[in-house]
Amino acid sequence: MRINKSELSKKIGQLKGIVPSRTTIEALKGVLCSDGYLIASDTNLTVKAKLEGMEEETEPFIIPAKAFDFIGSLPDGELDISVSKGNLVIKTGAIKNQFKTLDAELFAYTKSIDTDKEPAKIPALKLKKAIDHVIYAVAASGSNQQMLGMYLECVDGKLNFVGLDGHRIAWDCIDYEGEFQIIVPRAAMENVKKMDFEGDVSIYHDGNGALFKSEEYEVYTRIIQGEYFKYKKMFMSGEMFTIIDRRVLMEAINRARLCGSAEDKAPVIMDMSGDTIGLTYRSTMADFHEEIPVIEPFEKDLKIAFDPRLMMDSLKAFECDTATLELTSAKQLALIKADDSDMTALVLPVNFKEA
């Protein structure tokens, strides 16, 4: 097979994060070239990237992980790749090297999902933005399986994206026709966001898995079984609200965090009164205070505290300049709404002691 080095190296770069370093299936410690695609899999997640210039009748072969960096180091130009006596032979110009490889038939991955019925398509940019707005709130670890995935609920012409980890909740939606509910593992959604999807993306699903497919890429994943949380009931309007400059609040919280150490677990206390929010952060190293203005004055006073990391993660996920902040009490979830989209987030407050 002859293929452009830059094309091959780019696609390997997209897929190598899926290649498992530890697995009982040795063939998966590499990427498979087959049917015009480069394929990586860890059995739960499979990603396929179309290789321009690779003829579909090319005999399948595996590029072992040890060859990834070597291919990236080669000069631009055309590579000649072949398999001989259990070795992958790579040649370009005066350079030639070979790596031990395995039979392509040993590469086990999910090859298909029912794609007979064509679903509605989503512009890739909109899909990635919705994932980006929610992924931070999906739990990275824990025993609750449903929290380890992003909930995709398609109903009434809307596709809802929801993530929660017990401390914060994020919700966004985009227009999409269909009807389904699936819980997609966080790792799969991160890879959908990472791939160079362009144009439109279709979402296929069955009782076991989901497939995100475009002309260039396919991301297949097993889905998480079980019923998701009744998230809509959690998004209750607060009794008081204000409009904030998102960046101003983020910068103030960040300054407070910089005054402490990585080990400090102190909350940031927000004293809301009139047309200001007074931020206080007291730790073993700091006694920080700053007042920032709000765009819409508070009708009553409230003092509430948050884990600064959780509040920062939520604010950073938004893209709007201004956002609405709704609150009820120091014990109830704070609601943040984007002023330019359907994106919404909830953040759980924490207990604090008065000075």
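In case you missed it, the structure is sitting above this.
1. Description of the sheet that holds strand β8 (residues 95-100)
Point 1. Taking strand neighbours across the sheet as the criterion, the four strands line up as β1-β6-β7-β8 in an open arrangement whose pairing is antiparallel. At either end of the open sheet lies a strand with only one pairing partner, and these are β1 (2-4) and β8. Strand-to-strand twist of the sheet, defined as the mean angle between neighbouring strand axes without regard to direction, takes the value 25 degrees.
Point 2. Across six bridges, strand β7 (residues 87-92) lies against β8 in antiparallel orientation. Along β8, the bridge assignment pairs threonine 92 with isoleucine 95.

2. Focus: helix α4 (residues 186-194)
The periodicity of an α-helix, 3.6 residues per turn, causes residues three or four places apart in sequence to face the same way.
Point 1. Buried within α4 are the following residues: Ala188, Met189, Asn191 and Val192. Angularly, the buried residues of α4 cover 160 degrees about the axis, an arc narrow enough to put them on a single face.
Point 2. Residues of α4 that are buried sit in contact with β4 (45-50), α3 (124-134), β10 (149-155), β13 (180-185), β15 (209-213) and β16 (217-222).

3. Topic: the nonpolar core
Point 1. Judged by nonpolar contacts, the single largest core of 93 residues is most densely connected at Leu8, Ile63, Leu152, Leu159, Phe161 and Phe212.
Point 2. Residues within four places of leucine 8 in sequence aside, it is in contact with Ile3, Leu38, Leu51, Ile63, Ile71, Leu79 and Ile81.
Point 3. By size, the runner-up hydrophobic cluster in this structure holds 15 residues, among which are Leu148, Ile169, Tyr231 and Leu346.

4. Some points on unusual backbone geometry
Point 1. Positive phi, close to 55 degrees, is recorded for aspartate 35, a residue that is not glycine.
Point 2. Structurally, aspartate 35 is set in the loop between β2 (30-34) and β3 (37-41).
Point 3. With phi around 80 degrees, threonine 43 is a residue other than glycine that occupies positive phi space.
Point 4. Secondary-structure assignment places threonine 43 in the loop between β3 and β4.
Point 5. With a relative accessible area of 26%, threonine 43 lands in the partly exposed category.

5. Side note on the packing of aromatic side chains
Point 1. A full pass over the atoms with the stated rule returns nine aromatic pairs.
Point 2. The interplanar angle of 85 degrees and the centroid separation of 6.4 Å between the aromatic rings of tyrosine 176 and phenylalanine 180 together place this pair among those described as edge-to-face. In this pair, the class of tyrosine 176 matches that of phenylalanine 180, namely buried.
Point 3. With 5.1 Å between their ring centres and 70 degrees between their planes, tyrosine 228 and phenylalanine 229 make a pair best called edge-to-face.

6. Quick look at the pairing of strand β17 (residues 240-245)
Point 1. Here β17 shows one buried face, formed by Met240, Thr242 and Ile244, and one open face, formed by Phe241, Ile243 and Asp245.
Point 2. Bridging between β17 and strand β22 (residues 322-327) involves six bridges; their strand directions are antiparallel. From the neighbouring strand, methionine 240 faces β22, where its bridge partner is leucine 327.

7. A look at the side chain of threonine 344
Point 1. Note that threonine 344 resides in strand β24 (residues 344-347).
Point 2. Taking relative accessible area as the criterion, threonine 344 reaches 11% and is therefore assigned buried.
Point 3. Here aspartate 342 takes part through its backbone oxygen, which lies 3.2 Å from a polar atom of the side chain of threonine 344.
Point 4. Discounting chain neighbours no more than four positions away, the residues touching threonine 344 are Ile169, Ala170, Trp171, Phe235, Phe318, Leu335, Ile336 and Lys337.

8. Side note on the sheet that holds β15
To summarise the sheet geometry, strands pair through backbone hydrogen bonds and adopt either a parallel or an antiparallel arrangement.
Point 1. Spatial strand order, β5-β2-β3-β4-β16-β15-β14-β9: eight strands in an open sheet with antiparallel pairing. Strands at the two margins of the open sheet, each flanked by one partner only, are β5 (61-64) and β9 (121-123). Here the strands of the sheet are splayed against their neighbours by 20 degrees on average, with no regard to which way each runs.
Point 2. As paired strands, β9 and strand β14 (residues 200-205) are joined by three bridges and run antiparallel to one another. When the bridges of β14 are listed, lysine 121 appears paired with serine 202.
Point 3. Of the strands in this sheet, β2, β3, β4, β5 and β16 are in contact with helix α1 (residues 5-15), which crosses β3 at around 20 degrees.

The rules behind the values
Residues numbered from 1 in each chain as written. Predicted model: local features only at pLDDT ≥ 70, side-chain atom pairs only at ≥ 80, totals over all residues. Heavy atoms only, no water. Pairing = 2+ DSSP bridges. Helix = DSSP H or I, 4+ residues; strand = E, 2+ residues; numbered from the N terminus. Axes fitted to C-alpha atoms, helices over the stretch in contact; angles between N-to-C directions. Buried < 20%, exposed > 50% of the residue type's maximum accessible area, 1.4 Å probe, protein only. Arc of directions from axis to C-beta. Contact = heavy atoms within 4.5 Å. Core = buried A, V, L, I, M, F, W, Y, C linked by side-chain atoms within 4.5 Å. Phe/Tyr/Trp six-rings, centres within 6.5 Å; stacked < 30°, edge-to-face > 60°. Polar contact = N/O pair within 3.5 Å; in protein donor to acceptor, adjacent residues only side chain to side chain.

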